[in-house]
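Structure assessment
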Amino acid sequence: MQSFDVVVVGNGVAAQRAVISAHDSGSSVILLSSDGWGGVDEQEHYAGFAAPIDEYDHISHRYDTISLASYLNDQTVVDSWLRKATNELAILERWGMNIRRASDGSFHLSNGLGQSVARVATSGGLTGRSIAKILDEQRLKRDILHRVDWIPLSLIHKEGAVKGIIGINSELGALETILSKSIILAGNGYNSAWSGTGTAWGVELDLALRADIPVRNLEQRSYHPLFVNGTNIGLPLSLIGDGAVIRTSSGEVIEPNSTANELAHQMIHSGQCVLDARMIDENSLTWAIASRELLNDRFGLDLINDVIPIEPKIHLTHGGLINDQYGRVLDETWTSWFTGLYCAGDIAISGILGKAPVEGNRLMSSIISGSVSGQHAATWSQDQGMSKADEVESVVSKVSDEFSSWISKKPEKYHPRLTDLPFRLAKIMRDVLGEKMNKNALVQSLKEISSIQEALEEVVPENKSLFHNSSLRKILGWKAASRLSERSIQHAITRTELGEEDKPVHTWSSEKQSSSTLNLWNGPKN
């Protein structure tokens, strides 16, 4: 049974930044990823990295972040993290990020959707992927352990503190227990619940929920306006910053006047839309080469000469854990820390995104949340003792027995195919948690979600092997997505009951507690 000071669970830029930060702060650390390299961060290329580089301070950036999120923020966290944005971008550049520059050699910054001034830095249309590659290279230079296809099953916790984690080591084909002083859940959202495809299931967030740790704002979600019509292929928002426009079927230009969410709503009400990038200058087109090649290879479309049929789709969930500026996971009173547990990435930035993210803030917050949580976890762990194997034996045995009982069962009756269930779930989520929310429809949908969950319990992989079993991983992933979807609807019902209150509040629930409200954070109390 191995042990580490810090265990990072997840994949993508937040997880990579967290594991590097923990290592550089002097801790023994391991990264456990259920995906291979790259994972579910394919969506990170939709926007750049927001930082107040050409500004005297971060105050204007803070105002844009808070006001356009309808003040559903934890302002202490917003202030703390935005102060770090420029420094984190400088670190990424030093490590090799190829930031687009203007003719005079300065950073080429764009007025991203929702930003009042130019503060979004990019590497063209592949910013997130470029950063993911750079961080992976930095991890390899440090010789940090990384296990891929490691499927988490359960946190090991006792008396409000984490002790380790148990999961499936696909390389060994067996269950594995890893002890730790601290754990960082660096997860993406569960937006696959709206598409029925992909691997954004919210596995890390579900781990916390099943440990009875409060989750919040699961009803909040965002659109990306530039999906190629009828596909799950998105184009980067940097195209709009470079001069591309969105036109209706009549040729009228839709002027983006706020966030990507607002632009998506305009498009929904305008009917069929196209992206017209024919006026983009030659220099900007060189930074859009990946989008040009993608459109040509997949659809035979030329970004320079053709208009691209597009539609908005939900691509980001804002819901996550309750955390402070160090990434520590707190309870619903903001006063107690679930000792040793941290979060980063999409599940840590609910207090930043609020009701609507401004362009560049998601990637920025993912990087910063990984950096601060890794550093704090490493520093805190240096003064802590490691749990012993016999102290967690009963928990490990219980999880192992439950998993063995589930995977070995042979249903006596016909059970639905897994491929049917994700699309049933996605249809429900698009219908009731699309552009608007209706309480009656939300209440009715809970029954449908429950029937999907019951069906998922009957789905077991035909292949019982634990060696790189993709079917097993998908089944467990969609079970997590269905649980989070149910909670999302419960939170949405709570939100509709609040009406148009003057005072913004979070929604929250836990495994044992039904949905309720939580005041915004006004600063540290613990």
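Residues numbered from 1 in each chain as written. Predicted model: local features only at pLDDT ≥ 70, side-chain atom pairs only at ≥ 80, totals over all residues. Heavy atoms only, no water.

So, helix H15 (residues 420–432)
Here H15 is 13 residues long and its end C-alpha atoms lie 19 Å apart, about the 18 Å a rise of 1.5 Å per residue gives. What H15 keeps buried is the set Leu421, Pro422, Leu425, Ala426, Ile428, Met429 and Val432. Looking straight down H15, one finds that the buried residues subtend no more than 160° of arc, so they occupy a single side. Those residues of H15 that are buried lie in contact with helix H6 (192–195), helix H16 (439–458) and helix H17 (470–498). (Helix = DSSP H or I, 4+ residues; strand = E, 2+ residues; numbered from the N terminus. Expected span 1.5 Å × (residues − 1). Buried < 20%, exposed > 50% of the residue type's maximum accessible area, 1.4 Å probe, protein only. Arc of directions from axis to C-beta. Contact = heavy atoms within 4.5 Å.)

Some points on the sheet that holds strand E19 (residues 516–518)
As summarised here, the arrangement of the four strands in space is E15-E9-E18-E19, forming an open sheet in which the pairing is antiparallel. Two strands bound the open sheet, and with one partner strand each, they are strand E15 (320–321) and E19. Inspection of the sheet shows strand E9 (residues 215–216) paired to strand E18 (residues 506–509) by two bridges, in the antiparallel sense. By the bridge assignment for E18, arginine 216 is matched with tryptophan 508. Against the sheet, H17 makes contact with E9, E18 and E19, and its axis sits at roughly 140° relative to E18, the strand it touches most. (Pairing = 2+ DSSP bridges. Axes fitted to C-alpha atoms, helices over the stretch in contact; angles between N-to-C directions.)

Description of the packing of aromatic side chains
For the coordinates displayed, the defined rule picks out five aromatic pairs. Ring centres of tryptophan 337 and tryptophan 380 lie 5.0 Å apart, and the angle between their planes is 70°; on these two criteria the pair is classed as edge-to-face. Of this pair, tryptophan 337 sits in strand E17 (residues 337–345) while tryptophan 380 sits in helix H13 (residues 361–381), placing them 43 residues apart in sequence. The residues tryptophan 337 and tryptophan 380 share a single accessibility class, namely buried. (Phe/Tyr/Trp six-rings, centres within 6.5 Å; stacked < 30°, edge-to-face > 60°.)

Regarding the packing of helix H1 (residues 13–24) against helix H5 (residues 127–141)
For any two helices packed against each other, the geometry comes down to the angle between their axes and how far apart the axes lie. Where H1 contacts H5, the axes come no closer than 9 Å and their chain directions differ by 30°. In terms of their interaxial angle, H1 and H5 are classed as roughly parallel. In the packing of H1 onto H5, the handedness of the crossing is left-handed. Where H1 approaches H5, its residues Val13, Gln16, Arg17, Val19 and Ile20 are matched on the opposing element by Gly128, Ile131, Ala132, Leu135, Asp136, Gln138 and Arg139. Of the residues belonging to the contact of H1 with H5, the class tally is six nonpolar, three polar and three charged. (Parallel < 35°, antiparallel > 145°, perpendicular 65-115°, else oblique. Left-handed = near helix turned anticlockwise from the far one by under 90°. Nonpolar A, V, L, I, M, F, W, Y, C, P; charged D, E, K, R; others polar.)

Remarks on the pattern of salt bridges
Side-chain pairs of opposite charge can arise whenever the charged atoms involved come near each other. This structure, assessed with the given rule, holds 23 salt bridges. Across the pair aspartate 79 and arginine 62 runs a salt bridge whose closest N-O atoms are separated by 2.5 Å. Taken as a pair, aspartate 79 in helix H3 (residues 75–83) and arginine 62 in helix H2 (residues 59–68) lie far apart in primary sequence, 17 residues in all. Residue classification places aspartate 79 among the buried positions, given a relative accessible area of 15%. On the basis of relative accessible area, arginine 62 is assigned to the partly exposed category, the value being 26%. One salt-bridge network, held together by shared partners, links Glu55, Asp64 and Arg119. (Salt bridge = Lys/Arg side-chain N within 4 Å of Asp/Glu carboxyl O.)

As for the environment of valine 307
Considering the arrangement of structural elements, one finds valine 307 in the loop between helix H11 (289–299) and strand E14 (308–317). Residues valine 307 and lysine 398 lie 91 residues apart in sequence; the distance between their C-alpha atoms is 57 Å. Once residues within four sequence positions are removed from consideration, valine 307 is found in contact with Val274, Leu275, Asp276 and Arg278.

Considering the nonpolar core
In this structure, Val7, Ile165, Ile183, Leu185, Ile213 and Leu321 are the most contacted members of the largest nonpolar core, which totals 71 residues. Residues contacting leucine 321, with those up to four places away along its chain left out, are Leu185, Leu205, Ala208, Ile213, Pro214, Val215, Arg216, Val329, Cys343 and Ile347. (Core = buried A, V, L, I, M, F, W, Y, C linked by side-chain atoms within 4.5 Å.)

Section: unusual backbone geometry
For aspartate 143, which is not glycine, the phi torsion reads 55° and is therefore positive. For aspartate 143, a relative accessible area of 66% gives the class exposed. Phi is positive for aspartate 149, which is not a glycine, with a value near 55°. Residue placement: aspartate 149 occurs in the loop between strand E5 (145–147) and strand E6 (150–158).

Focus: the sheet that holds strand E11 (residues 245–248)
The antiparallel open sheet is built from five strands, whose spatial order is E10-E14-E13-E11-E12. Each of the sheet's edge strands pairs with one partner strand only, and the pair in question is strand E10 (221–228) and strand E12 (253–254). Alignment of E11 against strand E13 (residues 273–276), held across four bridges, turns out to be antiparallel. Its bridge partner lying in E13, valine 245 is registered against aspartate 276.

Considerations on H1
An ideal rise of 1.5 Å per residue puts 16 Å on twelve residues; H1 measures up with 16 Å between its terminal C-alpha atoms. In terms of residue burial, H1 counts as a mostly covered element, since ten of its twelve residues are buried. For H1, the complete set of buried residues consists of Val13, Ala14, Ala15, Gln16, Arg17, Ala18, Val19, Ile20, Ser21 and Ala22. Once H1 finishes, glycine 26 follows within two positions and takes phi at roughly 100°, a positive value.

Here's the deal with the pairing of E11
With burial as the criterion, only one face of E11 is covered, namely that bearing Ile246 and Thr248; the residues Val245 and Arg247 on the opposite face remain uncovered. As paired elements, E11 and E12 share two bridges and run antiparallel to each other. Each residue of the ladder has a partner; that of arginine 247, found in E12, is valine 253. Here E11 hands over to E12 after four residues, with glycine 251 in that stretch at a positive phi of 95°.

Examining the side chain of threonine 177
With respect to the helices and strands, threonine 177 occurs in strand E8 (residues 174–187). Discounting residues that sit within four places of it in the chain, threonine 177 has contacts with Met1, Gln2, Ile156, Ile165, Ile166 and Val396.

A few points about the environment of asparagine 191
Within the element layout of this structure, asparagine 191 appears in the loop between E8 and H6. Asparagine 191 gets classed as buried once you look at its relative accessible area, which sits at 6%. The spatial distance from the C-alpha of asparagine 191 to the C-alpha of isoleucine 314 is 7.1 Å, given a sequence separation of 123 residues. Only 3.5 Å separates the side chain of asparagine 191 from the backbone oxygen of histidine 315, close enough to count as a polar contact. (Polar contact = N/O pair within 3.5 Å; in protein donor to acceptor, adjacent residues only side chain to side chain.)

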